[in-house]
Amino acid sequence: MAPRRSSALITTVLCLCGTLVSLQQTLVVPLLPDLGSILGVSADNAFWLVTITLLTAAVATPIVSRLADMVGKKRMMIVSMLVMVSGSLLAAIGGSFLTVLIGRGMQGFASSLIAVGIGILRDQLPREKVPAATALMSATLGLGSATGLPLSGFIYAHLGWHAIFWTSAGAGLLLLAALVVVVPESDVRSPGRFDIAGAVILSVALTALLLGISKGGSWGWGSGRTLGAFALAAVVIAVWIPYQLRVTDPMVNLRTSVRRPVLLTNIASMIVGFAMFANLLATTQQLQVPEITGYGLGLSAMVAGLCMVPSSLAMVVFSPVSAKITTRFGARITLITGALVLAAAYVVRISFNDALVPIVLGAMAVNVGTAITYSAMPILIMQSVPVTETAASNGLNSLVRSIGTSTSSAVVTALLTAMTVEVAGQHFPTLDAFRTVFTIACAMALLAAAVAWFIPRTARPVSEATVVEAAAEARAETVA
């Protein structure tokens, strides 16, 4: 157990690591219009620099999280950060599309840091500080993703595209040093052998599934490639599930994952991931629609990104509020509350679309709901799984959220490209297209609240949970 006086420092370092890692998801988005010409590829190929990061993040998260429970959480965080820094350096130095593509893939590998970091918080912090620290760590997901838009746009405009990757590498090295010095290694371990075959099969299934979701819009939803990707994912999953139930040390403990609290939390998490990501994608595009359309504001990409910063900060500001709700009423009520706030915020987004202030305030309200829901999910998972499976179970939760966000991206893109109006020879999404996106997101938020309602009530508030005692028992079992 780390000394109580170091709890704030441990939490700060882990949250900064989480922010840096989540920032990688949107790091190159402002560059996409120019990256094709810079690297000598088509615009469609340039978009692979976003897709590859999402794919490697989805594949790496369950693998790294499982290894963290087995060989040490701090150790796997260091490995993940080293991979991210190496990828940033490769992208900065290489200068070709292939090297940047590989570098971006390596950057996505580190997305597992957040799930593993939450596991460290559970193992190392005093039990009364776990809800607030977990809420803050969860908030870094939105903070990093949203701040990546204006930050990378500013760096690109003033220092060039190479500087974006140099900055990422430099920040990664600083946080790597802080991680080594400040964060203690957890002695809570899950003994056993790593399921290599299960990891490979799961990686194939996830790659096929997310490839179909992310590229379906450009390939065509009825094309052979898209349908083939989905078919491959279904076949591989059908093989993987019985294998996981049969193997002694499975990659994912499905018997734990199908427990009602864990299963319903993961389903709600995927739905919330869909609902919250629609706000980020649609709002940044809405702010950039030209004024000539009659409803657009005509902002630049960088200014539009800056307008999203207040909503990102709202996630951090409201994370202590969500922790208090959890401490007082339990994580189940927190998840339901956050989903209802999310739905109400989308009602605002549907109703007010004619000025900058209501749009920004509406986006902030969406992120407040997101912060509340995201803080509850890891707590619900940790209440329902053995302490030796904390990182792996949170890794699976992160994975299902990424499936939700990827699906949201595909749906939002399809709607905004299908419902368009022609102005001055160009096609732009109609105002009804954005309202449709927000209406669907509102419905998904209500669905998440309904799913969360059926999560079993816990006997005691999380502040009284025996986190310390469970960790001690797990340490004793490991030693034995």
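Residues numbered from 1 in each chain as written. Predicted model: local features only at pLDDT ≥ 70, side-chain atom pairs only at ≥ 80, totals over all residues. Heavy atoms only, no water.

Draft legend 1. Local environment of the overall build of the protein. Helix and strand counts for the protein come out as 20 helices and two strands. Principal-axis analysis of the C-alpha atoms places the extent of the protein at approximately 75 × 45 × 45 Å. Only carbon and sulfur atoms are counted for the fraction: they give 69% of the accessible area of the protein, which is about 18,400 Å². Positive and negative side-chain charges of the protein, numbering 27 and 18 respectively, have mean locations separated by a distance of 6 Å. (Helix = DSSP H or I, 4+ residues; strand = E, 2+ residues; numbered from the N terminus. Areas by Shrake-Rupley, 256 points an atom, 1.4 Å probe, with all protein chains shown as cover. Lys, Arg positive; Asp, Glu negative; His and termini not counted. Charge placed at Lys NZ, Arg CZ, Asp CG, Glu CD.)

Draft legend 2. Layout of the pairing of strand 2 (residues 426-429). Taken together, the four bridges between strand 1 (residues 420-423) and strand 2 define a ladder with antiparallel strand orientation. Following the sheet pairing, Val 423 is matched in strand 2 by Gln 426. (Pairing = 2+ DSSP bridges.)

Draft legend 3. How the structure looks around the confidence of the model for the protein. Taken as a whole, the protein shows an average pLDDT of 83; of its residues, 92% reach a score of 70 or greater. For the protein, helix 20 (residues 467-479) is the element with the lowest average pLDDT, namely 34, and helix 19 (residues 431-453) is the one with the highest, namely 95. Note on residues 1-5: pLDDT is under 50 here. Beyond four places in sequence and across chains, it has 11 contacts. Low pLDDT, under 50, characterises residues 459-480; the predicted model gives this stretch 25 contacts beyond four residues in sequence or across chains. (pLDDT = per-residue confidence, 0-100. Contact = heavy atoms within 4.5 Å.)

Draft legend 4. Region of interest: the packing of helix 1 (residues 7-23) against helix 9 (residues 161-182). Between helix 1 and helix 9, whose axes approach to 10 Å, the crossing angle comes to 155°. For the element pair helix 1 / helix 9, the angle class is roughly antiparallel. Crossing of helix 1 over helix 9 shows left-handed handedness. Residues Leu 9, Ile 10, Val 13, Leu 14, Leu 16, Cys 17 and Leu 20 of helix 1 form the contact with helix 9, whose own contacting residues are Ser 168, Ala 171, Gly 172, Leu 175, Ala 178, Leu 179 and Val 182. Of the residues contributing to the contact of helix 1 with helix 9, the split by class is 12 nonpolar, two polar and no charged. (Axes fitted to C-alpha atoms, helices over the stretch in contact; angles between N-to-C directions. Parallel < 35°, antiparallel > 145°, perpendicular 65-115°, else oblique. Left-handed = near helix turned anticlockwise from the far one by under 90°. Nonpolar A, V, L, I, M, F, W, Y, C, P; charged D, E, K, R; others polar.)

Draft legend 5. Structural view of the environment of Met 106. Summarising the element assignment, Met 106 is placed in helix 6 (residues 97-108). Sequence separation between Met 106 and Thr 53 is 53 residues; the distance between their C-alpha atoms is 7.5 Å. Discounting residues that sit within four places of it in the chain, Met 106 has contacts with Val 83, Met 84, Ser 86, Gly 87 and Leu 90.

Draft legend 6. Representation of the packing of aromatic side chains within the structure. Under the definition given, this model contains three aromatic pairs. Aromatic pair Trp 161 and Phe 165: ring centres 6.2 Å apart, planes at 85°, arrangement edge-to-face. Of this pair, Trp 161 and Phe 165 both sit in helix 9, four residues apart, which is roughly one turn of that helix. On the basis of relative accessibility, which here comes to 9%, the residue Trp 161 falls in the buried class. Given the relative accessible area of 2%, Phe 165 is considered buried. Sitting over the face of the ring of Tyr 374, Arg 401 holds its NZ or CZ atom 4.7 Å from the ring centroid. Above the ring of Trp 453, the side-chain terminus of Arg 457 is found at 5.7 Å from the ring centroid. (Phe/Tyr/Trp six-rings, centres within 6.5 Å; stacked < 30°, edge-to-face > 60°. Buried < 20%, exposed > 50% of the residue type's maximum accessible area, 1.4 Å probe, protein only. Lys NZ or Arg CZ within 6 Å of the ring centre and 35° of its normal.)

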